[in-house]
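Listed here are the chains, written in short residue letters.
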Amino acid sequence: MQLDKFDFALLEHLQKDCLTPLRELADLVHLSTASVQRRIQKLRDSGYIIGNTAVLDPDKLGQVITIFVEVRVNQTHVRDLEELKTSFSIPEVQQCYYVTGEADFMLVLLVPSMSRFQALCDQLFHHNANVQWFKTTVVLERIKTTLEVSCQPYLLFSFLSSTLDSMAKQSA
């Protein structure tokens, strides 16, 4: 699916508030409501939109401590990595990345207390023979957290691409 400026505009608006009424989205992107509805369905079917999520306030839910954890492992065979990925798929692990560099994994955890974090350390790291070491960083203040993906570079590329195509056709 080739995205155009309308698709990118819809993606920008939807990721800020996926509950925006279709009529309002149509007004924002200058399309009909039916066209917006069809485009959103195509974006879902093509995998550009993979879900709709409510963003919750962790503090209000008692998840007051954010911790970054770097994890270095002994074995990086496929089976070993899959076992680790599975063990990291618990609710307290908000994000998990397989990375390059000194560590093999970078985790972001949300926990209600340091005692819960200690229990997770035992569960995930201390009792796992494949974990060589782990290093933690406790967040003092959350400055910015978002799931938004910038569509602006694609809008610019799309604009430049169509402008260059028009110029090429005019000079031919």
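Here the structure is a predicted model, which is why all the values come from computation and not from measurement.

Colleague: Lay out the environment of V36 with the relevant residues and their values.
Modeller: With respect to the helices and strands, V36 occurs in helix α3 (residues 33-45). Judged by relative accessible area, which is 0%, V36 ranks as buried. Between the C-alpha atoms of V36 and E141, which are 105 residues apart in sequence, the distance is 39 Å. Excluding residues that lie within four positions of it along the chain, V36 makes contacts with L10, L22, L25, A26, V29 and L31.

Colleague: Before we move on, can you summarise the sheet that holds strand β2 (residues 93-98) with the specific residues and values?
Modeller: Spatial ordering of the open sheet is given by β2-β3-β1-β4, a layout of four strands whose pairing is antiparallel. Both edges of this open sheet fall to β2 and β4 (131-138), since each of them pairs with a single strand only. Going from strand to strand, the sheet's axes swing by 20 degrees on average, the running direction of each strand aside. Of the strand pairs in this sheet, strand β1 (residues 65-73) and strand β3 (residues 105-111) are connected by seven bridges, and their pairing is antiparallel. Looking at the pairing, E70 lines up with M106 of β3. Contacts from helix α4 (residues 78-87) reach β1, β2, β3 and β4, with the element oriented near 15 degrees to β3. Lying on the sheet, helix α5 (residues 114-126) is in contact with β1, β2, β3 and β4; it crosses β4 at an angle near 160 degrees.

Colleague: So, α5: which residues are in play, and what are the values?
Modeller: Across its 13 residues, α5 extends only 16 Å between first and last C-alpha, which sits more than 12% below the 18 Å expected from 1.5 Å per residue. Listed in full, the buried residues belonging to α5 are F117, L120, C121, L124 and F125. Structurally, α5 contributes buried residues whose contacts are with β1, α4, β2, β3 and β4.

Here is what the cut-offs are and how they apply
- Residues numbered from 1 in each chain as written.
- Predicted model: local features only at pLDDT ≥ 70, side-chain atom pairs only at ≥ 80, totals over all residues.
- Heavy atoms only, no water.
- Helix = DSSP H or I, 4+ residues; strand = E, 2+ residues; numbered from the N terminus.
- Buried < 20%, exposed > 50% of the residue type's maximum accessible area, 1.4 Å probe, protein only.
- Contact = heavy atoms within 4.5 Å.
- Pairing = 2+ DSSP bridges.
- Axes fitted to C-alpha atoms, helices over the stretch in contact; angles between N-to-C directions.
- Expected span 1.5 Å × (residues − 1).

Worth remembering: the numbers are spatial, not functional.
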